[in-house]
Amino acid sequence: MSAPAWREHTEARLRAAGHRSGSGRRAVIEVLARHSCLMTAGDILAELEKGERRIGFATVYRALETLSELGLVRRVDPGTGSAAYEPVDPSGEHHHHVVCDGCGEVAPFADEALERTIAQLSRRLGREIESHEVVLRGSCAACRSA
């Protein structure tokens, strides 16, 4: 989904849920719309400060909590010590993550075979799998060669 489409979808869902448009939340949405992968609250705050936008850490967290509750962002624990967030595509299209234990680099990946395996597992278990996240851990090439 394109950044403008996600932003518009997000703003429409917030209005439909009765949330007023706040400048802090709008700023967080703008940052998330420019990124398709994981960002911590600290990453978002740092990007806002680069643009000389001053909002508080609590505002960023409140915005992320609201967006998460409405299913507009996904909270992921990549095991780096901080929760991270990414926009949710309403179509259900998604990716997973590989995290380097050495440097903390997060790389997104998509794998159709993995998705088919999860669907097969769902049928075998007799469960309706509504969502899932996969975080693989290891070492990136740079850390292995260091």
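All values derive from a computational prediction rather than experimental measurement. (Residues numbered from 1 in each chain as written. Predicted model: local features only at pLDDT ≥ 70, side-chain atom pairs only at ≥ 80, totals over all residues. Heavy atoms only, no water.)

Enquirer: Requested: an account of the overall build of the chain, with residues and values cited.
Expert: Looking only at helices and strands, the chain features six helices and five strands. Put simply, the chain runs from its N terminus to its C terminus through helices and strands in the order α-α-α-α-β-β-β-β-α-β-α. Seen along its three principal axes, the alpha-carbon backbone of the chain occupies a region of about 45 × 45 × 25 Å. Contacts spanning at least 24 positions in sequence make up 53% of the contacts within the chain whose residues lie at least 6 apart. (Helix = DSSP H or I, 4+ residues; strand = E, 2+ residues; numbered from the N terminus. Contact = heavy atoms within 4.5 Å.)

Enquirer: Got a sec to walk through helix 5 (residues 112–125)? Specific residues and values, please.
Expert: Relative to the 20 Å expected for 14 residues at 1.5 Å per residue, helix 5 spans 20 Å between its end C-alpha atoms, a close match to the ideal helical length. Considered for burial, the residues of helix 5 that qualify are Glu-115, Ile-118 and Ser-122. The buried side chains of helix 5 occupy one side of the element, clustering within an arc of 60 degrees when seen end-on. Looking at helix 5, the residues exposed on the side facing more than 90 degrees away from the buried face are Arg-116, Arg-123 and Arg-124. At its buried positions, helix 5 is contacted by strand 3 (96–100). Where helix 5 begins, one side-chain oxygen reaches toward the backbone nitrogen of Ala-113, 2.9 Å away; that side chain belongs to Asp-111. Positive phi shows up at Gly-126, right after helix 5, with a value of about 70 degrees. (Expected span 1.5 Å × (residues − 1). Buried < 20%, exposed > 50% of the residue type's maximum accessible area, 1.4 Å probe, protein only. Arc of directions from axis to C-beta. Polar contact = N/O pair within 3.5 Å; in protein donor to acceptor, adjacent residues only side chain to side chain.)

Enquirer: Got a sec to walk through the packing of helix 2 (residues 23–33) against helix 3 (residues 41–50)? Specific residues and values, please.
Expert: To describe two helices that pack against each other, one gives the angle between their axes and the distance between the axes. Between helix 2 and helix 3, the shortest axis-to-axis distance is 10 Å and the interhelical angle comes to 100 degrees. Considering their axes alone, helix 2 and helix 3 lie roughly perpendicular with respect to each other. Each of Ala-27, Val-28, Val-31 and Leu-32 in helix 2 lies in contact with helix 3, whose residues at this interface are Ile-44, Glu-47 and Leu-48. Grouping the constituent residues of the contact of helix 2 with helix 3 by class yields six nonpolar, no polar and one charged. (Axes fitted to C-alpha atoms, helices over the stretch in contact; angles between N-to-C directions. Parallel < 35°, antiparallel > 145°, perpendicular 65-115°, else oblique. Nonpolar A, V, L, I, M, F, W, Y, C, P; charged D, E, K, R; others polar.)

Enquirer: Any details on the nonpolar core? Residues and values, ideally.
Expert: Ranked by internal contacts, the top residues of the largest apolar core, which has 23 residues, are Val-28, Leu-32, Ile-44, Leu-48, Val-60, Leu-64 and Leu-67. Elements with a contribution of two residues or more to this core: helix 1 (3–16), helix 2, helix 3 and helix 4 (57–69). Residue contributions to this core peak at six residues, all from helix 2. (Core = buried A, V, L, I, M, F, W, Y, C linked by side-chain atoms within 4.5 Å.)

Enquirer: Before we move on, can you summarise the sheet that holds strand 4 (residues 106–109) with the specific residues and values?
Expert: If you walk across this open sheet you meet the three strands as 4-3-5, and the pairing is mixed. Either end of the sheet is taken by a strand with one partner, and the two such strands are strand 4 and strand 5 (135–138). Neighbour-to-neighbour, the strand axes of this sheet turn through a mean angle of 25 degrees, independent of strand direction. (Pairing = 2+ DSSP bridges.)

Enquirer: Just give me the short version of helix 1, but keep the residues and values in it.
Expert: Between its terminal C-alpha atoms helix 1 stretches 20 Å, which fits the 20 Å expected from 14 residues at 1.5 Å a residue. When we look at burial in helix 1, the residues that qualify are Trp-6, Thr-10 and Leu-14. For helix 1, the angular spread of the buried residues around the axis is 65 degrees, confining them to a single face. Facing away from the buried side of helix 1 by over 90 degrees, the exposed positions are Glu-8, Arg-15 and Ala-16. The inward-facing, buried residues of helix 1 contact helix 2, helix 4, strand 1 (73–76) and strand 2 (84–87). Two residues or fewer after helix 1 comes Gly-18, characterised by a positive phi angle close to 85 degrees.

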